Every structure is written in C-alpha cells, then in structure tokens.
Amino acid sequence: MQVKDRSRGSGSLVSQVGESLRQAILSGQYSAGDKLPSEHELTETHSVSRPVVREAVAALRSDGLVEVRQGAGIFVIGADPALSGRKVDKARVASDLEVLEIRTPVEVEAAGLAALRRSPAQEEAIFECHRKILQCIEEDRSVREADLELHVAIAEATNNPLFRHFLESQGAAIIPQSRLVPETRTAEQTAYRKLIHREHEAIVMAISDRDDQAARNAMREHLVGSQTRYRNLLKDLRSFAT
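Here is a short report on the structure shown in this document. Residue positions within a chain follow its written sequence, with the count starting from 1. In view of the model being predicted, local features appear only for residues whose pLDDT reaches at least 70, and side-chain atom pairs are presented and counted only at 80 or more, with totals across whole chains, interfaces and linings using the full set of residues. Based on all heavy atoms of the structure, the side-chain values leave hydrogens and waters out of the count.

Helix and strand definitions here come from DSSP, where helices need a minimum of 4 consecutive H or I residues and strands a minimum of 2 consecutive E residues; each element is numbered from the N-terminal end. Broken down by element type, the chain carries 9 helices and 2 strands. Walking the chain from its N terminus toward its C terminus, one meets helices and strands in the order α-α-α-β-β-α-α-α-α-α-α. Whether two residues are in contact is decided by their heavy atoms, any of which lying within 4.5 Å being enough. Long-range pairs, those at least 24 residues apart, make up 73% of the contacts in the chain with a sequence separation of at least 6. Accessible areas in this description were obtained via Shrake-Rupley with a 1.4 Å probe; residue shielding takes into account the shown protein chains only. Carbon together with sulfur atoms contributes 51% to the accessible area of the chain, which is approximately 12,300 Å² in total.

Printed below as a string of structure tokens:
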C-alpha cells in the first residue's frame, strides 16, 4: 500500500506538482479556457494528497495562470507567469465587487420576471443584444457597452420600469471596470469574453423558453461567478501587498 506525501516534505511536493502543471500550461498542453484535471485526478496522477494539490493550484492562481470556479473546476486563464492583477487598483476592484453584490438580487429577480412577461419584441431585443456581444468578441472589441445593453434589455422585459431605472441610475458602473485579464494577453481576454458570452446565453435561452426558475438560476450563476472572480483577484492583490 502506497503512503502518500511521507517520503518527501509537503513543501517539496507542492513545488513539484505546481511546476508540472505550470510547464503543461506554458508549453501549450493546456490553453486558455481549458479545464485542468479534477482535484481527485491530480491527486492520483501525482500520488499526493488533496491539500498538496490545493496548495499547488493556489500558487498557480496567484501567478494568474488558473482560476477555480465553484462547482465547475480549475480553468486555465493565462500563460504569462506574471500576475496580471498586480497593476490593478484594489479600490476599483472592491468597488466593482460591491456593485456586483447589489446587482445580484435585483437582476436574478428581473431575469425570472422577464422570462414570464417578455413580449416577442422584447425577446428579439434581448437576442439582438446577445448577438452584439458575440460580434464584439469576433471583432476583438470591448464587450462592455453591449454587455450593459443586454442587462438593460432584460430589465426592460420585466415590464416593471423600476428594474430598468435601477440599472440606468448606476450607469456604466454596473459593468465591472477592473480587468481580470489585461488587454496584452489577447487569447486569455478572448477566452474570458467567451465565458461571459456562454453565461449570458444560458440566461437568454431560459428567458426565451419562459422558464423563470432557469432564468433566475442562470443569472445568479453569472453574477455570483463574477463576484467569485473579483473576490479572488482582490484576495491576490491583498496577498501581494503584505
């Protein structure tokens, strides 16, 4: 019976596992947007314990190479070992997170109501906004304006003007301004935008299907997922300040 982790120090094991994964990413074995093997698979492959894998993954995340998505797994976000978040304004990240937190309960309910109340014209407007985001991605342009238009279109489809007024009162600030991935890392930026597009697609399709619960769930997953990404960025920034 093999006893894991006892023949070598855990620090050495963490470094070895981390370096193995780092080289796999830098060599192109895993590209931006790819999902790494599960925690269980990594423990088996490297014959180490879960804490060792978690520490190795945490180191990669601090270097801006991967992100951990709750319930989804570990995903590659870059191939540059320099942490992209080091140059990000912590105050702005914290502000973006606050906006995401207040948006979540409002927009989760808005998505549900839009699924129940949207008219054919409003449904088409939502689809058009969604198409604009994809066009921006394909043309390598910022999706921020189109992203805002989509969320406002969903609010409009509730047929309760207060939802739209809430978003409009916040203006462009409702869309986070801090960059999780810098513009210089084109492949990673595109992968991130495609992730957002897939999250939007789940919301849009649920609204089209008039499935209010699925619409709420999809919007919650989208906004809570964004919160998690910004909390991780803020955590990394704070760790580098100590």
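In this section: the nonpolar core. Judged by nonpolar contacts, the single largest core of 31 residues is most densely connected at I126, L150, I154, I207 and M219. Those elements that provide at least two residues to this core are α4 (90–117), α5 (120–138), α6 (144–156), α8 (186–208) and α9 (212–241). Not counting chain neighbours up to four residues away, the residues in contact with L150 comprise I126, C129, H130, I133, H200 and V204. We define the nonpolar core as a collection of buried residues of types Ala, Val, Leu, Ile, Met, Phe, Trp, Tyr and Cys that are connected through side-chain atoms lying within 4.5 Å of one another. Throughout, exposure labels follow a simple rule: accessible area from a 1.4 Å probe, protein chains only, divided by the maximum for the residue type, with under 20% read as buried, over 50% as exposed, and the rest as partly exposed. Formed by 19 residues, the second largest nonpolar core is a distinct cluster that contains L13, L42, V66 and V76.

A few words on the pairing of strand β1 (residues 66–69). Each regular strand displays side chains that alternate between the two surfaces of the sheet. Two strands make a pair as long as DSSP finds a minimum of two bridges between them. As judged from the 4 bridges shared by β1 and strand β2 (residues 73–76), these two strands associate in the antiparallel manner. Of the residues in β2, the one forming a bridge with E67 is F75. Connecting β1 to the antiparallel partner β2 that follows it, the hairpin turn spans 3 residues, and G71 within it adopts a positive phi of roughly 75 degrees.

Once that is clear, we can look at the packing of α5 against α6. Fitting a line to C-alpha atoms yields each axis, with helices limited to the stretch in contact; the angle taken between N-to-C directions then spans 0 to 180 degrees. Two elements in contact, α5 and α6, have axes separated by 9 Å at closest approach and are oriented at 165 degrees. In terms of their interaxial angle, α5 and α6 are classed as roughly antiparallel. The hand of the α5/α6 crossing is left-handed. Contact residues: Q122, I126, C129, H130, K132, I133 and C136 in α5; A146, D147, E149, L150, A153, I154 and E156 in α6. By residue class, the composition of the contact of α5 with α6 is 8 nonpolar, 2 polar and 4 charged. The labels follow the angle: roughly parallel below 35 degrees, roughly antiparallel above 145, roughly perpendicular from 65 to 115, and oblique for the rest. Each crossing gets its handedness from the near helix: less than a right angle anticlockwise from the far helix is left-handed, clockwise is right-handed. Note that Gly is not counted as nonpolar here; it falls among the polar residues with everything else outside the nonpolar set of Ala, Val, Leu, Ile, Met, Phe, Trp, Tyr, Cys and Pro and the charged set of Asp, Glu, Lys and Arg.

With that settled, the discussion passes to helix α7 (residues 161–170). Where α7 is concerned, the buried positions are F163, F166 and L167. Looking down the long axis of α7, one finds its buried residues gathered within 90 degrees of arc, a one-sided arrangement. With respect to the buried face of α7, the exposed residues turned more than 90 degrees away are P161, L162 and S169. Buried residues along α7 sit in contact with α4 and α6. Residue G171 follows α7 closely and has a positive phi angle near 65 degrees. Taking the helix axis as origin, the arc is that swept by the directions to the C-beta atoms.

For the rest of this paragraph, the subject is the packing of aromatic side chains. The description of two aromatic rings rests on the distance between their centres and on the angle between their planes. The criterion for an aromatic pair is that two Phe, Tyr or Trp rings (for Trp, the six-membered ring) have centres within 6.5 Å, with stacked assigned to planes under 30 degrees apart, edge-to-face to planes over 60 apart and tilted to the rest. Applying the stated criterion across every chain yields a total of 0 aromatic pairs. The ring of F75 has R69 lying over it, and the distance from NZ or CZ to the ring centre is 3.8 Å. Remark: a charge is flagged as sitting over a ring if the NZ atom of Lys or the CZ atom of Arg is within 6 Å of the ring centre and within 35 degrees of the ring normal.

Despite not being glycine, N159 shows a phi value in the positive range, around 60 degrees. Turning to its location among the elements, N159 is positioned in the loop between α6 and α7. The backbone phi angle of R210 is positive, close to 60 degrees, even though this residue is not glycine. Among the secondary structure elements, R210 is positioned in the loop between α8 and α9. A relative accessible area of 40% means that R210 is categorised as partly exposed.

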